[in-house]
Amino acid sequence: MIEKIKLYVDSIGRYGDSPFVYPVYGLGGIAEGFSRMCAVNGGTFMLNKDIDEILVEDGKVIGVRSGEEIAKCGMVICDPSYALKCKIDKPLNAVEKIIRVICILDHPIPNTKDIPSVQIIIPQRQIARKNDIYVMMVSSVHCVSKKPYSIAIISTVVETSTPEKEIQPGYDLIGKIKEKFVKVSDRYVVTSPKERPAGLFISNSFDATSHFENETMNVLELYKEITGKELDLINLPE
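Residues numbered from 1 in each chain as written. Predicted model: local features only at pLDDT ≥ 70, side-chain atom pairs only at ≥ 80, totals over all residues. Heavy atoms only, no water.

K.L.:
Would you take a moment to explain the overall build of the chain for this structure?
P.N.:
Per the secondary structure count, the chain includes six helices and 10 strands. Referenced to the eigenvectors of the C-alpha coordinate spread, the extents of the chain come out at roughly 60 × 50 × 40 Å. Accessible surface, the chain: about 16,100 Å² in total, of which carbon and sulfur atoms supply 56%. Across the chain, the 29 positively charged side chains and the 32 negatively charged ones have centroids separated by 2 Å. (Helix = DSSP H or I, 4+ residues; strand = E, 2+ residues; numbered from the N terminus. Areas by Shrake-Rupley, 256 points an atom, 1.4 Å probe, with all protein chains shown as cover. Lys, Arg positive; Asp, Glu negative; His and termini not counted. Charge placed at Lys NZ, Arg CZ, Asp CG, Glu CD.)

K.L.:
I'm lost on the side chain of Arg 129 in this one. Help?
P.N.:
The topology assignment puts Arg 129 in the loop between strand E6 (118–122) and strand E7 (133–139). Excluding its chain neighbours within four sequence positions, the residues that come into contact with Arg 129 are Gln 124, Thr 156, Val 157, Glu 159 and Glu 166. (Contact = heavy atoms within 4.5 Å.)

K.L.:
I would appreciate a short explanation of the environment of Gly 43 in the present structure.
P.N.:
Structurally, Gly 43 can be placed in the loop between helix H2 (28–40) and strand E1 (53–57). Spatially, the C-alpha atom of Gly 43 lies 17 Å from that of Ile 62, the residues being 19 residues apart in sequence.

K.L.:
Would you take a moment to explain the sheet that holds E6 for this structure?
P.N.:
Strand order across the open sheet formed by five strands is E6-E7-E8-E5-E9, with antiparallel pairing between neighbours. Across the chains shown, the open sheet's two edge strands, defined by having one partner strand only, are E6 and strand E9 (179–190). Adjacent strand axes in the sheet meet at a mean angle of 20°, parallel and antiparallel pairs treated alike. Across eight bridges, strand E5 (residues 92–105) lies against strand E8 (residues 150–157) in antiparallel orientation. Within E8, the residue paired with Val 101 across the bridge is Ile 154. (Pairing = 2+ DSSP bridges. Axes fitted to C-alpha atoms, helices over the stretch in contact; angles between N-to-C directions.)

K.L.:
Hey, could you run me through a nonpolar patch on the surface in this one?
P.N.:
Residues Met 1, Ile 5, Tyr 8, Val 9, Ile 12 and Phe 20 make up a contiguous nonpolar surface patch of roughly 640 Å² in combined accessible area. Here Ile 12 shows up in the loop between helix H1 (2–11) and H2. A residue is classified by how much of its surface remains accessible, and Ile 12, at 44% relative accessible area, is partly exposed. (Patch = residues over 30% accessible without salt bridge, like charges linked within 9 Å, V, L, I, M, F, W, Y side chains within 5 Å. Salt bridge = Lys/Arg side-chain N within 4 Å of Asp/Glu carboxyl O. Buried < 20%, exposed > 50% of the residue type's maximum accessible area, 1.4 Å probe, protein only.)

K.L.:
Would you mind going over the packing of aromatic side chains with me for this structure?
P.N.:
In this description, an aromatic ring pair is defined by two values, namely the gap between the centres and the angle between the planes. According to the stated counting rule, one finds one aromatic pair in the structure shown. Between the aromatic rings of Phe 206 and Phe 212, the centroid separation amounts to 6.0 Å while the plane-to-plane angle is 75°, which identifies the pairing as edge-to-face. Looking at Phe 206, the relative accessible area reads 48%, which means it is partly exposed. Accessibility expressed as a relative area gives 23% for Phe 212, which makes it partly exposed. (Phe/Tyr/Trp six-rings, centres within 6.5 Å; stacked < 30°, edge-to-face > 60°.)

Written out as structure tokens, the structure is:
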């Protein structure tokens, strides 16, 4: 806990008034940054292609198939949705369901001094639940909407047969909603890594949190598993 508080304090003011960093133009900016670095280092992209099969031979990944086209490789890194589509489900286990609601607002979240972005956690004990409810909001300053619209996302772990009713405290918090998009999905985690073909690395599904801490730790764990060493973010190559 002390380390997390220290991280929070050290992060305040580093990139603006918030301790959190959110990419301009939305989370797609992360993938775009990766694709640029990949291309610079000789990577090849197959655009507008889905994966129909992860090709395995003698227990090892040898490539992927999209329609009639095959891309050969010795390693595949993917999230559970790709593995499940390719009928590689033995390493994975559905541990819970997550509800996420994307809400379009024409106003900032009330009682937040009209700040353009906010991260709110509604504690489970405050609302008689087993899990917290997460609320985040971004706006035109992040180039994800035009003025005066904002995008709020509410999420939590599903505990009942009426998931949307569970996030009512989040609805009450953000005020009037212009439009909303509700999705309930299974969250998968890798519980049997030995069941994977050699060369296949699968991340966990996103959890309900909106600050991506657990996802970041999962990426660091995958990096170590793939390369055999810790990721050094201090002594970066030129």
